[in-house]
Amino acid sequence: MKWAAILGITVILVLMAMYEWPKMDKKMKKEKSAFVAITIIGWLLAMLLVFFPDMPGPTQLVDAIYKPLGKLLEK
Amino acid sequence: MIEKGKISAFQMGVMMYPTIFATAILSLPSIIAVQAGRDMWLSPIWASTIGFLAVCIAYQLHKLYPKETIVEYSVHLVGRIVGKIMGLMFIFFYMHLNGFIIREYGEFVVGNFFVKTPIIVVIGSMVIVCAFAVRGGVEVLGRCAQIFVPIVIILILLIVFLLSPDLKPIQIYPIMEHGVKPSLMGAVVPSDWFSEFIVISFLLPYLTDREKGMKWGMISVFAVMLTMVLSNMTALFLFGINTVGFRYPVMVAARYISLANFLEHLESIVMAIWIVGAFVKISVFYYVIVLGTAQWLKLTDYRPIVWPVGFLLVLFSVWVAPNVQEMTRVVGTSIPFYLLSMQVAVPTLLLFIAFIQKKFRKKGRAKG
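Notes on the structure follow.

Criteria and thresholds
Residues numbered from 1 in each chain as written. Chains lettered and ligands numbered in written order. Predicted model: local features only at pLDDT ≥ 70, side-chain atom pairs only at ≥ 80, totals over all residues. Heavy atoms only, no water. Helix = DSSP H or I, 4+ residues; strand = E, 2+ residues; numbered from the N terminus. Rg over C-alpha atoms; globule rule 2.2 N^0.38 Å. Areas by Shrake-Rupley, 256 points an atom, 1.4 Å probe, with all protein chains shown as cover. Lys, Arg positive; Asp, Glu negative; His and termini not counted. Charge placed at Lys NZ, Arg CZ, Asp CG, Glu CD. Buried < 20%, exposed > 50% of the residue type's maximum accessible area, 1.4 Å probe, protein only. Contact = heavy atoms within 4.5 Å. 1 Å grid on protein atoms, 1.4 Å probe; cavity = no way out; pocket = protein on both sides within 12 Å on 5 of 7 lines; lining within 4 Å. Points joined across faces, edges and corners; volume = space filled by probe spheres on them. Nonpolar A, V, L, I, M, F, W, Y, C, P; charged D, E, K, R; others polar. Expected span 1.5 Å × (residues − 1). Core = buried A, V, L, I, M, F, W, Y, C linked by side-chain atoms within 4.5 Å. Patch = residues over 30% accessible without salt bridge, like charges linked within 9 Å, V, L, I, M, F, W, Y side chains within 5 Å. Salt bridge = Lys/Arg side-chain N within 4 Å of Asp/Glu carboxyl O. Phe/Tyr/Trp six-rings, centres within 6.5 Å; stacked < 30°, edge-to-face > 60°. Buried area = accessible area lost by both parts, 1.4 Å probe. Polar contact = N/O pair within 3.5 Å; in protein donor to acceptor, adjacent residues only side chain to side chain.

1. Points about the overall build of chain A
A count of helices and strands for chain A gives 4 helices and 0 strands. Listing the helices and strands of chain A from first to last along the sequence gives α-α-α-α. Over its C-alpha atoms chain A spans a radius of gyration of 19 Å, topping by over 25% the 11 Å that the globule rule assigns to 75 residues. With the C-alpha coordinates aligned to their principal axes, the bounding extent of chain A is approximately 55 × 35 × 15 Å. Counting every atom, chain A has about 5,200 Å² of accessible surface; 75% of that belongs to carbon and sulfur. In chain A, 10 positive and 6 negative side-chain charges are present, and the distance between their average locations comes to 6 Å.

Here it is in C-alpha cells:
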C-alpha cells in the first residue's frame, strides 16, 4: 500500500512537471531550478509523511513555544 | 515587478472580506463562547482593533516602500541576512497557516457532507482549483472575489432572515454579567483572524489607486466585524449559552430552519457560503505564498512555482494536525498567539526600525 502511495505521488509530480515544463522559456534557468527544488522538497516531505504519518510537524513546535500563553485560554 | 496585473482598492477590500471571514463563520462562535459566554457578540468588536492596527501598520510600511511587499522591504530594513531569514519565516508561516485553512475546509466538508470521501480528494481538488486562480494572477483573484462576495453576503443575510422567527433576543441579558474580562478573553481567538489583515501588505503595491488602500482596508475590517457580530448574535439568540456544545453552530442553525414544512435542509446554503469563501481565502493565502517565494528567490515570474507550492500545501494540510480534535484544541489555545506574534509583533518591529532609520538618515543629511 505504501509503495502504491509513493508511485501515485511520483506520477502526480511527473504530470505536474510535464504540464509546467514546456511553458517555461529556455532563458528561465532560475525558475526551472526553483521549480525542481520545490518539487524535490515536496517529494521528500511526501515520502516522510507516507512512512511516518505521526511525524511531529511545525504545529508541535509552535505549540511547544506558545504553551505558557496558550494555557491562559484553556478552560 | 513580478506581478503585472493591477487591482483597485475596492477589489482589495472585497477580496479581504472572505479572506478573513470564511473560516470564522463556522467554528468561531463556539470557540468564543467558551471564554465569553453570553458576551460573545462583544468579542469581535474588541478583536477588530487588531484588524485596524494591522491595516495601519501595513499601510505605513507601504508608504515607505510603495513598490515592494513585506518580503522585499524586510531585506532593506534589517539587512540582507536577517531580512532573508525573516522573508523565509513569513513564507513558511503562511504555508503553515494555509495548511490549517485547507485542513479546516476539508474536515468540514468531509465531516458534514461527503462522509465517505477520503479527505485528500476534497483537499486536492480545492487546491487544484485555487492553483488555476493563482496562476491567473492578482487580477483574476480580485474579480473572483468581486463576483462571489455579493453572493456570500446575500446568503448569510438569507440564513439570518429565515432564522429570525426562532431568535430570542432576550438571551443577550445579562450583558457583562462578570465584567469586561470574559469578553476580552474571548477576543483573543478572533483577534488572530483580524491580524490576517496584514496580508494586504502583499496586495497594496498592485493597487491602481493607492491612496484609497487604507480606506478600503478599514471598511473591510469593519464589514468583517459586523458579520462576526451578526453570526455570533444569531448563534447566541438561537442556542443561548449552549453554543459551546456545537462545533459548527451556524451549520446546526441552518439545519434547524423549517418554514411551513417547505423550506428545509438549508445547510446547503451554508455549504455554498463556506466553499465560495474558502476558495477566495485559500487562493489569497496561496497567492501570497507563491508571490513571496518568487520575490524571495528573485525570480522573474511566479507562475512556474504555483504547482509545486500547491503540492506542498496539500502536504502541509495533512501535516498540521493528526486529527480534528487536536486541531481545534491548538486553534483555541496556542495558535492565536503564534498568529499575533508573526502578523502583528513582527510587522510592528519592522515599522519601528523603519522610523528609527528614517530619523537617523535625516540627521545624517542635516550634518552632511
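2. A few points about the overall build of chain B
Of regular secondary structure, chain B possesses 16 helices and 0 strands. For a compact globule of 368 residues, the expected C-alpha radius of gyration is about 21 Å, and chain B comes in at 21 Å, within 12% of that figure. Here the C-alpha coordinates of chain B stretch approximately 80 × 45 × 40 Å along the principal axes. Counting every position in chain B, which comprises 368 residues, the buried fraction comes to 61%. Within chain B, contacts between residues separated by at least 24 positions form 86% of all contacts whose residues are at least 6 apart in sequence. Here chain B has roughly 14,500 Å² of accessible surface; of this, 70% comes from carbon and sulfur atoms.

3. Things to note about the environment of Phe316(B)
Checked against the element boundaries, Phe316(B) lands in helix α14 (residues 306–319). Each C-alpha atom of the pair Phe316(B) and Asn98(B) lies 8.1 Å from the other, and the pair is 218 residues apart in sequence.

4. With respect to empty space enclosed by the protein
To locate leftover empty space, one rolls a probe as large as a water molecule over the atoms. Residues and elements named next belong to chain B. Using the criterion set out here, one finds 3 cavities of 30 Å³ or more in the structure. Of the pockets and cavities examined, the largest cavity occupies roughly 130 Å³. Every residue along the wall of the largest cavity is listed here: Thr23, Leu97, Phe100, Ile101, Glu104, Asp192, Trp193, Glu196, Lys281, Val331, Ile335 and Leu339. At the level of secondary structure, the elements contributing two or more residues to the lining of the largest cavity comprise α5 (80–112), α9 (188–195) and α16 (335–367). The element that contributes the greatest number of residues to the lining of the largest cavity is α5, accounting for 4 residues. Its residues assigned to classes, the lining of the largest cavity shows 7 nonpolar, 1 polar and 4 charged. If you go around the second largest cavity, the residues you meet are Ile25, Ile156, Ile159, Val160, Leu163, Ser231, Thr234, Ala235, Val250, Ala253, Val270 and Ile273. Going through the elements one at a time, α7 (138–163), α11 (213–239), α12 (249–256) and α13 (267–296) are the ones with two or more residues in the lining of the second largest cavity.

5. Regarding α11(B)
Here α11(B) contains 27 residues, and its C-alpha end-to-end distance of 39 Å stays within 8% of the 39 Å for a straight helix at 1.5 Å per residue. Just past α11(B), the residue Gly240(B) takes up positive phi, approximately 65 degrees.

6. Quick notes on the nonpolar core
Judged by nonpolar contacts, the single largest core of 159 residues is most densely connected at Tyr94(B), Phe197(B), Tyr286(B) and Tyr287(B). Not counting the four nearest positions on each side in its chain, Tyr287(B) is found in contact with Glu3(B), Val134(B), Gly137(B), Val138(B), Leu141(B), Leu203(B), Tyr206(B) and Tyr302(B).

7. Thoughts on a nonpolar patch on the surface
Judged by side-chain polarity, Ile45(B), Trp46(B), Ile170(B), Tyr173(B), Ile175(B), Met176(B), Val180(B) and Leu184(B) come together as a nonpolar surface patch covering roughly 720 Å² of accessible area. Tracing the chain through its elements places Ile175(B) in the loop between α7 and α8 (181–186).

8. Some details on the packing of aromatic side chains
All chains considered together, the criterion is met by 22 aromatic pairs over all chains. An aromatic cluster is defined as three or more aromatic residues linked by ring pairs; in this entry it consists of Tyr66(A), Phe90(B), Phe93(B), Tyr94(B), Phe202(B), Phe285(B) and Tyr338(B).

9. What to know about the interface of chain A and chain B
Taken residue by residue, the interface counts 35 residues in chain A and 39 residues in chain B. When the buried surface of chain A facing chain B is broken down by residue, Ile38(A), Thr59(A) and Leu73(A) rank first, second and third, together holding 21% of it. Viewed at the interface, chain B and chain A are joined by 2 salt bridges. The closest approach of N and O atoms between Arg329(B) and Asp63(A), which form a salt bridge, is 2.8 Å. Taken together, the links from chain A to chain B amount to 10 residue pairs in polar contact (both at pLDDT 80 or more). The set of elements that each furnish at least two residues to the side of chain A that touches chain B consists of α1 (2–20), α2 (29–51), α3 (58–65) and α4 (67–70) of chain A. The element contributing the most residues to the side of chain A that touches chain B is α2(A), with 12 residues.

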